[in-house]
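For reference, the chains in residue letters:
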Amino acid sequence: MDIQGVEKSIGYVFRDKSLMVRALTLPSYSEDNYQSLEFFGDAILEFIVSEKIYNEAQREGVLTERRKALVADSALAPVSRRLGLDRNLMKSAGDNTNKKATPSVYESMVAAIYLDGGMDEARKFVLRTLDFEAPLPGVNYKGDLQELLQAKGLPCPVYEKSSIGTPQEPWFKAAVEVFGKQFSAEAGSVRGAEQLAAKAALDDLAAAAGRTEKPENPEDMEKGTV
């Protein structure tokens, strides 16, 4: 294992090197392995991700799906490979099929950093290495808004973007004008802010369409039931 190489890749130098070694050790190599760290790291990772995306969506269901996408094995595996964690696994010579280990050691590394340096260091590691720009499967408000406008023969929406945060706490604002009205939103990423601005425009258009619908029964309109 290239300890210095791993530390350089992850951007963190361990005081207790044994924590990093254990985070990258598989059960086939030693009983003192990454499994308990993975369990702990999974919870820490979910908390950090939840904290990060808290203001990037308005509905609980969207938040839940976004967190699920960010911490899924399919999202963590490429990050683990990019950091070279998979190349530094401590495992037996015959252990060549443990695909679960590649994303799992990212979680164990989160826990190892937390135990060695505390929550601030674990948070820095996650925010620095995880891809928070990954789109949420099945949700694309920008695309939906663009399709709606194009269907009406109108040009694609143009978003105005600005940074309103700090280098330590990035925060962005995006605004889009639709039918003479401007809709804006803020989020921890440019893409997130644009998506929320587009959603605000879509919600307003949907509400306007609902207000202009004529009731089928005039008596309902008089009674205020529609």
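In this report, we go over the structure that sits alongside the text.

How each quantity is defined
- Residues numbered from 1 in each chain as written.
- Predicted model: local features only at pLDDT ≥ 70, side-chain atom pairs only at ≥ 80, totals over all residues.
- Heavy atoms only, no water.
- Helix = DSSP H or I, 4+ residues; strand = E, 2+ residues; numbered from the N terminus.
- Buried < 20%, exposed > 50% of the residue type's maximum accessible area, 1.4 Å probe, protein only.
- Contact = heavy atoms within 4.5 Å.
- Areas by Shrake-Rupley, 256 points an atom, 1.4 Å probe, with all protein chains shown as cover.
- Arc of directions from axis to C-beta.
- Axes fitted to C-alpha atoms, helices over the stretch in contact; angles between N-to-C directions.
- Parallel < 35°, antiparallel > 145°, perpendicular 65-115°, else oblique.
- Nonpolar A, V, L, I, M, F, W, Y, C, P; charged D, E, K, R; others polar.
- Pairing = 2+ DSSP bridges.

**A few points about the overall build of the protein chain**
- Of regular secondary structure, the protein chain possesses ten helices and three strands.
- When its helices and strands are written in sequence order, the protein chain yields α-α-α-α-α-α-α-α-β-β-β-α-α.
- Buried residues in the protein chain amount to 38% of all 226 residues.
- Put simply, 55% of the contacts in the protein chain that link residues at least 6 apart link residues at least 24 apart.
- Counting only carbon and sulfur atoms, one obtains 50% of the accessible surface of the protein chain, whose full area is about 13000 Å².

**Description of helix H1 (residues 3–10)**
- Burial in H1 covers these residues: Val 6, Glu 7 and Ile 10. The buried residues of H1 occupy an angular sector of 100° when the element is viewed end-on, so they sit on one face. In H1, the exposed residues that point more than 90 degrees away from the buried face are Gln 4 and Lys 8.
- Contacts made by the buried residues of H1 are with helix H2 (17–23), helix H6 (101–117) and helix H7 (119–129).
- Phi for Gly 11, located one or two positions after H1, is positive at around 75°.

**Topic: helix H5 (residues 73–82)**
- Three or more residues of H5 are buried, namely Leu 76, Ala 77, Val 79 and Ser 80.
- Gly 84 occupies a position one or two residues after H5 and carries a positive phi of about 80°.

**Brief notes about the environment of Lys 199**
- For Lys 199, the position within the fold is in helix H9 (residues 190–212).
- Considered as a pair, Lys 199 and Ala 185 are 14 residues apart in the sequence and their alpha carbons are 9.2 Å apart.

**Concerning the packing of H5 against H6**
- Two elements in contact, H5 and H6, have axes whose closest approach is 7 Å; the angle formed by their N-to-C orientations is 80°. By the criterion of interaxial angle, the relationship of H5 to H6 is roughly perpendicular. For the pair H5 and H6, contact is made by Asp 73, Leu 76, Ala 77, Val 79, Ser 80 and Arg 81 and by Thr 102, Pro 103, Val 105, Tyr 106 and Glu 107, respectively.
- Residue composition of the contact of H5 with H6, by class: six nonpolar, two polar and three charged.

**Concerning the pairing of strand S3 (residues 181–187)**
- In this sheet, S3 lies alongside strand S2 (residues 172–178) in antiparallel orientation, the contact comprising seven bridges. Looking across to S3, one finds that Ala 175 is bridged to Ser 184.
- Between the antiparallel neighbours S2 and S3 lie two residues, among them Phe 179 with a positive phi of about 55°.

**Section: the sheet that holds S2**
- Reading across from one edge, S1-S2-S3 is the order of the three strands in this open sheet, with antiparallel pairing throughout. With partners counted over all chains shown, the strands left at the sheet margins are strand S1 (159–163) and S3, one partner each. The average angle at which neighbouring strand axes cross in this sheet is 20°, direction not considered.
- Summarising the sheet, S1 and S2 pair through five bridges and their orientation is antiparallel. By the bridge assignment for S2, Glu 160 is matched with Ala 175.

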